[in-house]
Amino acid sequence: MTYRGEGLARVCKALMTGTALAAIALPAVVQAQASEGDIDPEAGEPIVVTGIRESLQSALNRQRNADSLVEVIEAEDIGKLPDQNLAEVLENVTGIQITRSAGVGTGVQIRGTNDNRIEINGVSTVGSGTGRGGISFEDINAAIIASVEVIKAPEAKTIEGSVGGTVNLRTIRPLDLRERIVSARVQGEYSELSGNVKPRLSASFGDNWSTSIGEIGIVFSGSYAEQEATSFRPRVDRDSLVPAGSSVTADGQPGPDFPFLGVGFVNQVLENFEYETTNFAGSLEWKPADNIKLYFDAIVNDQQRTQDSSRVSSSGLTSVLRNNVPDEFETIDFGSLDGVDLGSIQAALVGTYQPNLDVDDDDPNFRISSDTGARITKSRIYRLGTEFETGRFRGRVEASTSRSGSRNPNLSTAINFINPNPLTPLDGTSNDNSVPFRYDLRGGTLAFGIDFDSPYAPTVAQLLDANNYVLDAIAIGDNRTKNREDAFRLDGSLDLDGLTPFFTSFDVGYRYNDTSNRFDLIRSIFDTGIIAESPNGALFEELLVAGPDNFGDFDNRDLAFRDFLIIDPNRSFSDPEGTLAILRDALATTAGSIGDPVADPSGFFRIKEATHSVYGQLNFETGPFRGNAGVRWVSTKISSFGNNVAGGVVTPITAGGGYEAWLPRVNVAADLTNDLVFRASYGEDINRPKFDDLSLSVNFPTGPNNAVSIGNPNLAPENVSSYDASLSWYFAPASLLSVGVFHKKRTNLFVTQVEDVEVDENGYRDITPPCEGGGIYNPLPDRNVLSPTVGNGLCVPIQTIINDTGSTTQTGIEVAFQYDLSQFEDVLGFASGFGVLANYTYQKFGGGEATNSSSTRGSDIFAAASPGISVPVTAVQGLLDFSKHAYNVTLYYEKFGLSARARYTWRDAFRTLDTAGGATLNSTYGFPVVTAARGQLNGSINYDLTPWMNIGVEGVNLTKSKITQYCVNESAIVCFQGMPDRRITFGATMKL
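Fair warning: this is a prediction, and the values are worked out from it, not measured in the lab. Residue numbering note: each chain is counted from 1, following its sequence as written. Selection of residues for local features in this predicted model requires a pLDDT of at least 70, selection of side-chain atom pairs for listing and counting requires 80 or more, and totals for whole chains, interfaces and linings are taken over all residues. Side-chain measures were taken over the full set of non-hydrogen atoms in the model, leaving aside hydrogen atoms and water.

## A word on the state of the cysteines
Part 1: Two cysteine sulfur atoms make up a disulfide if the distance between them is within 2.5 Å. A full pass over the atoms with the stated rule returns two disulfides.
Part 2: The disulfide partner of Cys 771 is Cys 795, and the gap between their sulfur atoms is 2.1 Å. Between Cys 771 and Cys 795, the disulfide has an S-S torsion of -95° and is therefore left-handed. Here Cys 771, found in the loop between strand 40 (750–755) and strand 41 (776–782), pairs with Cys 795, found in strand 42 (residues 792–796); they are 24 residues apart in sequence, far enough to count as distant. Comparing Cys 771 with Cys 795 shows no difference in burial state: the two are buried.
Part 3: One disulfide bridge connects Cys 967 with Cys 975, the sulfur atoms lying 1.9 Å from each other. Runs of E in the DSSP output that reach at least two residues are strands. Runs of H or I that reach at least four are helices, and both are numbered from the N terminus. Note on exposure labels: buried denotes an accessible area under 20% of the residue type's maximum, exposed denotes more than 50%, and partly exposed covers the range between, all computed with a 1.4 Å probe on protein chains only.

As C-alpha cells, this is what we get:
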C-alpha cells in the first residue's frame, strides 16, 4: 500500500460491467451458490427449507459449493432465524464471539476483532454513530432476514474495509419463490428484572406472476418489536493507596503496619434500556426476458432506544480513607504484565466509612444520578439495479444509497442527599455532607450500602424525604449524527468455458462510493458543588420518586442502596419541557441557572470520503481444483472539517489526505474426495479509521475523571494480510467435521493512548490552564473531591488514537462439528430426531509496540506492591474484546412437529473498555479491564399445532450468568460486576 497526504491519483473512468448477484437464499426457498456476486444460470431447482435440519443442510450445501471461506446460517422458517437478536444469531458461527449491553447482543467480534463490515443484500450499511461498523444489530429485527453470510476470506470482488470478515444479511428474493408466502408471528417478551412483557410482531408476504410483460415478483416483510433490558452493574474502586502506619480506625486506634488499598469510590449502576423498533424490507423484481432482470430493494429501520438508568454513588471516601481501617483484608496478586511481576498487596474487603468532621466536614457524600435519554435513529437503504446476459457476457449495473440520522435527546440529573442527622451539619459552602457507608466484598460480590448501625446514619424516612435533597447537576442534550453512503457499481463476467482448459470466467468491476459523517454537539449544562446554587428538593418535589429497590433481585444480596429518591426518569423522558420548567423555577430561587441547549462549535465535525475501486478476477476449475485469483485497487480521498474555538472566536479548520492500495486475493478449493474438501486462501485488505477518530473537534465531557478525546486526522488505514487453510469432511447428510487455521498480519493498528494528569500527595489536581503536569484543562466539571477549592474546571487526561508503529499478528484454529441421527430412524425411532452442532476457536495475538501506561495512582500502587519496580508500568496494548478460547455447543431435537434447541456459549477472558458507572482508564490503574471467562445458556421449544400454526417459547440467559470484571489482570482485583436480565419470549406463528 502507498499512503499520501494530498489528493488522489486519477483513476480509470470507464470499465466493463461485472458479475451480478447470486441467487439469494430464502427461508422457504434456497439455491446453492458460490459467493456474493456470482450469477449461475444453471442453478438447480430451489430447495424447500422448513425446520432446523433442512436449514442446516441447505446452509452446509452453500458453504461446500463456495470457492472461498463462507459461513452461512439459514432461517428455519419464514422470518425465523435461530435467535431473536442478530448478534446472537452470529454467535452460532465458528470464530465469532459477541458482547452485550444489558444482556442484549450489540457487538460482534469475528476472529477476535470488531473491525468488520455489515451489508444487507450486498449493500454497505451505515451506523447510527460516528464509527465504521455499519448498522447496529439491535436496530434490525431478525424476523425480516432470510439468511446470514459471514465472508471470512474475501475475493477480489468483495468490497474492502474489514479485518475479521464481512457480514451480509440477505432478505427474500421474489422471483426465487415457487409458491406464495403469507405468514405472521405474534410474540411477547418477558424481562425478569423489569417484570414487563413487551410485544413482538412480524409478517411477510411474497409472490410472483408470469404476465404478458414478463415475470414480476414482490416480497414485503415487516416487524414491530418492543424490548426492555435491565442489568445491574456495581462498581468499587480500590485504587487509593494507604501507606503502612499512616491510618487509624474510626475510634482512633492505630492502623496496620502494612500498606493497603482502600475503597475510594462505590457506584450502584442500574442500566435499563427500552427498545422500540420498526423494520420493513421490500423487494420488487421484474424479468421482461430470460436474459434481463431489474430489481429494487428498500430497507427501512426506525428505532428508539430509551435509557432510564440510575447511578447511586458515594464519593469523597478518600477524604476519610486513613481514618477508617477495614475490618477485613484480602491479598491481591496483580500478576504480571509483559513479564514484569507487579507484586501483591492487601486490599479492603469488609468495613465501614464513618464521618470524621475534624478531617473533612462533608465527606463521604451520597449522590443519585438519573441518566435519561434516547437514541432515535431512522435508517434507509435503497438499491436499484439490473442484471443482463448477452452471449458469453453477463453484467450488472447497480446504484444504492444507505443513510441514517440519529438524535440523542437527553435530560439527565443529579441530586445530593443532605443528611439531617445533627452529627453531620453542613459547612455552609458545599452542597453535600457526610453519610456513613459499609461494604462487603467477600466472594467477589461488590456489595455496599448505607451503614444504618452508625450514629451518623439517616433513617429510611429521611432518605425518602424530598426536603433532604438538593439539585446538583442538569445535563440537557440533543446531539445529532448524520451518516450517508451513496454507491454506484458496474460488474461484468465473461464466460471462458470451452475457450481455455483451465479458466472458467473472467470478472471485472468498478465501484464508486461517496461517504459522509456529520456530528453536532448540542447541549446545556448546570453543574455545581455550591449550596447557594442548589435548590432544595421541596421546590421540585413533584418530580421526585422513590428509586428502584430491586438491586438485589438478581443474586439476593442483602446489602445495597435501596432507599433513595430520584428525579422521575419516565417523566424526564416523556415530558422533558415540563420537567425542565420545574427545575428552572427551582433554580430561580438560587444563584444557579441553565439555558437552552445550543450547538457547541468546538464539538462539531464533518468527514467526507470518496472512494474508487477496480477489480479483476479470474475464476478457474480443473480436475479437483477450483477457485479464483484477482486483485482489487482502491483509491480514497478524505476531508475533515471542524472548528477551532479560542477566546470566543470560532475559526473553521480543515484537513485532507488520501491513500491507495493494491489488494491481491486468491482462493483455492480442492475436492480431494466426494466427502473431503480442502480450502486455502490469501487476501489483503484495509481497515479505515472511525470517523470520530479523524475529527478536528474537541468534546469536553462533564465528568471530572473523564478524558478529553482528541481526534487524529493523520491516521493511516490499517493494512491486513490474511492466510487461511481448512479441511472439511462431509461424512454424512447434514454433517460436517472441519478444522481450519488462519493467520493475520496487521500494520498501522489503531491503539488508544492516554496522557494522564498530575495528582499531588493529597489527591488534588491542577485547576488552572495550561496544565503543566499533563492533560488538558476542562472548564465544565465540578471539581468535587479533586480540589479543596469549590467550583468548576480542572485538568483532566487526554485520550487519542494513534497508529501502532509495530506489526501485529493474529493466529488461530477453528474446529466445527455438525451431526444428526435422522439416518438411523428405523433403529432409533423418536431418538433419531436429535442432533448436535459444536465449534471451538483458539486464537492468539502477538507483536505491537504501542503500550498502555499505569496511571498516577496505579504507579503508586505497583511501587508499594512490588518495591523497586520501575514505574510507570507499561504493557503492549493488544486487541480489545479478544478472547483466546471460545466454544459453542448446540443440542437440538426435531421430530413429530416438535422442534427444540439448547445452546451453550462460552468465551475466555478478554480486555475491554466497556466498564460501569463512567469508569475511565485513570480509575482502572491505566489499563483496560479484563472481563472474566463466562458462559451463557439460551434455549427454545416450538411445536406445530397444525400445518399452519406453530407455538413456541425461547429463553435468553436461562441460568442468569453474571459478568465479573477485574482491573489489571484476570483474578487480580474485582472492579465491576454485571448482572444481565433473563428474558423469555413466547408466541405463535401462522402461515397461509
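## Concerning the sheet that holds strand 40
Part 1: Spatially, four strands are ordered 36-37-43-40 in an open sheet, and the strand pairing comes out mixed. Looking at strand neighbours, the two that pair on one side only are strand 36 (698–699) and strand 40, the edges of this open sheet.
Part 2: In this scheme, strands are said to pair when DSSP sees at least two bridges between them. By the bridge criterion, two bridges tie strand 37 (residues 708–710) to strand 43 (residues 798–803) in an arrangement that is parallel. In the sheet register, Val 708 faces strand 43, and the bridge partner there is Ile 798.

## Some thoughts on the packing of aromatic side chains
Part 1: In this scheme Phe, Tyr and Trp rings, the latter by its six-membered ring, pair at centre separations within 6.5 Å, and the angle between planes marks the pair as stacked below 30 degrees, edge-to-face above 60, and tilted otherwise. Applying the stated rule across the entire model yields 30 aromatic pairs.
Part 2: Summarising the aromatic geometry, the rings of Tyr 353 and Tyr 439 are spaced 5.9 Å apart at their centres and angled 45° between planes, so their arrangement reads as tilted. Separated by 86 residues along the polypeptide, Tyr 353 in strand 21 (residues 344–353) and Tyr 439 in strand 24 (residues 437–440) bring together distant segments of the chain.
Part 3: You can call Tyr 353 buried: its relative accessible area is 2%.
Part 4: Residue Tyr 439 is classed as buried on the basis of its relative accessible area of 5%.
Part 5: Here the aromatic residues Phe 366, Phe 417, Phe 437, Phe 448, Tyr 469 and Phe 561 are joined through ring pairs into a cluster of three or more.
Part 6: Geometrically, a charge over a ring is one whose NZ (Lys) or CZ (Arg) sits within 6 Å of the ring centre while staying within 35 degrees of the ring normal. Over the ring of Phe 691 we find Arg 132, and its NZ or CZ is 4.2 Å from the ring centre.

## Structural notes on the side chain of Asn 267
Part 1: Residue placement: Asn 267 occurs in strand 16 (residues 265–289).
Part 2: Asn 267 sits in the buried class, given a relative accessible area of 1%.
Part 3: Each residue touching Asn 267, except ones within four places of it in the same chain, is listed here: Arg 233, Pro 234, Arg 235, Arg 311, Val 312, Ser 313, Phe 448 and Gly 917. Contacts are assigned to residue pairs with any non-hydrogen atoms lying within 4.5 Å of each other.

## Notes on a nonpolar patch on the surface
Part 1: Patch definition: residues above 30% relative accessible area lacking any salt bridge, with like charges linked at up to 9 Å and the nonpolar side chains Val, Leu, Ile, Met, Phe, Trp and Tyr linked at up to 5 Å. Working definition of accessibility: Shrake-Rupley area with a 1.4 Å probe, residue cover restricted to the visible protein chains. The salt bridge criterion pairs a side-chain nitrogen of Lys or Arg with a carboxyl oxygen of Asp or Glu, the two atoms within 4 Å. Together, Tyr 190, Val 197, Ile 941, Val 953 and Phe 986 give the surface a local cluster of nonpolar side chains, amounting to about 410 Å² of exposed area.
Part 2: Within the element layout of this structure, Tyr 190 appears in strand 11 (residues 181–191).

## A word on the UniProt feature "domain: TonB-dependent receptor-like beta-barrel" (unreviewed entry) in the protein
Part 1: UniProt positions are given in the numbering used here, feature names are shortened, and annotations may be inferred rather than shown by experiment. As annotated in UniProt, the feature "domain: TonB-dependent receptor-like beta-barrel" (unreviewed entry) corresponds to residues 428–956 in the numbering used here.
Part 2: From the first C-alpha to the last, residues 428–956 spans 52 Å; its make-up is 7% helix and 52% strand.

## Here we look at helix 5 (residues 576–587)
Part 1: Given a rise of 1.5 Å per residue, 12 residues ought to cover 16 Å, and the 16 Å separating the end C-alpha atoms of helix 5 matches this to within 8%.
Part 2: Of the residues making up helix 5, those classed as buried are Gly 578, Thr 579, Leu 580, Ile 582, Leu 583, Ala 586 and Leu 587.
Part 3: The elements touched by buried residues of helix 5 are strand 23 (393–417), strand 26 (469–495), strand 28 (522–527), strand 30 (565–567) and helix 4 (569–574). Each helix should span, by expectation, one fewer than its residue count multiplied by 1.5 Å.

## Focus: the nonpolar core
Part 1: In this structure, Val 263, Phe 366, Leu 471, Ile 474 and Phe 540 are the most contacted members of the largest nonpolar core, which totals 49 residues.
Part 2: Those elements that place two or more of their residues in this core are strand 21, strand 23, strand 24, strand 25 (447–450), strand 26, strand 30 and helix 5.
Part 3: With five residues, helix 5 is the single largest residue contributor to this core.
Part 4: Setting aside chain neighbours within four positions, we find Leu 471 in contact with Ala 414, Ile 415, Asn 431, Phe 526, Thr 528, Ser 534, Pro 535, Phe 540, Ile 567, Leu 583 and Leu 587.
Part 5: Put simply, buried Ala, Val, Leu, Ile, Met, Phe, Trp, Tyr and Cys residues joined by side-chain atoms within 4.5 Å make one nonpolar core. Of all hydrophobic cores here, the second largest spans 28 residues; its members include Ala 75, Val 93, Val 108 and Phe 137.

## With respect to the confidence of the model for the protein
Part 1: On average, residues of the protein score 90 in pLDDT, and 95% of them reach the 70 mark or higher.
Part 2: Scored between 0 and 100, pLDDT is the confidence that the predictor attaches to each residue. Note that pLDDT drops below 50 for residues 1–49; the model gives that stretch 178 contacts with residues more than four away or on any other chain.

## Brief notes about the domain arrangement of the protein
Part 1: Taken domain by domain, the protein comprises domain 1 (52–242 + 257–321 + 333–413 + 477–524 + 597–756 + 797–991) and domain 2 (757–793).
Part 2: Domain boundaries shown here were taken from an automatic or database domain assignment. Computed over C-alpha atoms, the centres of domain 1 and domain 2 are 37 Å apart.
Part 3: Across the contact, 20 residues belong to domain 1 and 17 residues belong to domain 2.
Part 4: Accessible area, probed at 1.4 Å, shrinks when two parts are joined; the buried area is that loss added up over both. Roughly 1,400 Å² is buried in total at the junction of domain 1 and domain 2, and carbon and sulfur atoms are behind 54% of that figure.
Part 5: Area buried by domain 1 at its contact with domain 2 is led by Phe 700, Pro 704 and Asp 756, which between them contribute 32% of it.
Part 6: If you look at where domain 1 meets domain 2, you find zero salt bridges.
Part 7: Counted as a polar contact is a pair of N or O atoms within 3.5 Å, where, for protein atoms, one must be capable of donating a hydrogen and the other of accepting one, and residues adjacent in sequence contribute only when both atoms are in side chains. Linking domain 1 with domain 2 are five residue pairs in polar contact (both at pLDDT 80 or more), by the criterion used here.

## Side note on the sheet that holds strand 8 (residues 123–124)
Part 1: Sheet architecture is open: five strands sit in the order 4-9-10-7-8, paired in mixed fashion. If you trace the sheet from one side to the other, it starts and ends with strand 4 (70–74) and strand 8, each paired once.
Part 2: Bridge count for strand 9 (residues 147–151) against strand 10 (residues 166–170) is five bridges, and the pairing is antiparallel. By the bridge assignment for strand 10, Val 150 is matched with Val 167.
Part 3: Whenever a helix is involved, its axis is fitted only over the stretch in contact; in every case the axis is a line through C-alpha atoms, and angles between N-to-C directions fall within 0 to 180 degrees. Packed on one face of the sheet, helix 1 (residues 52–65) meets strand 4, strand 9 and strand 10 and runs near 155° to strand 4.

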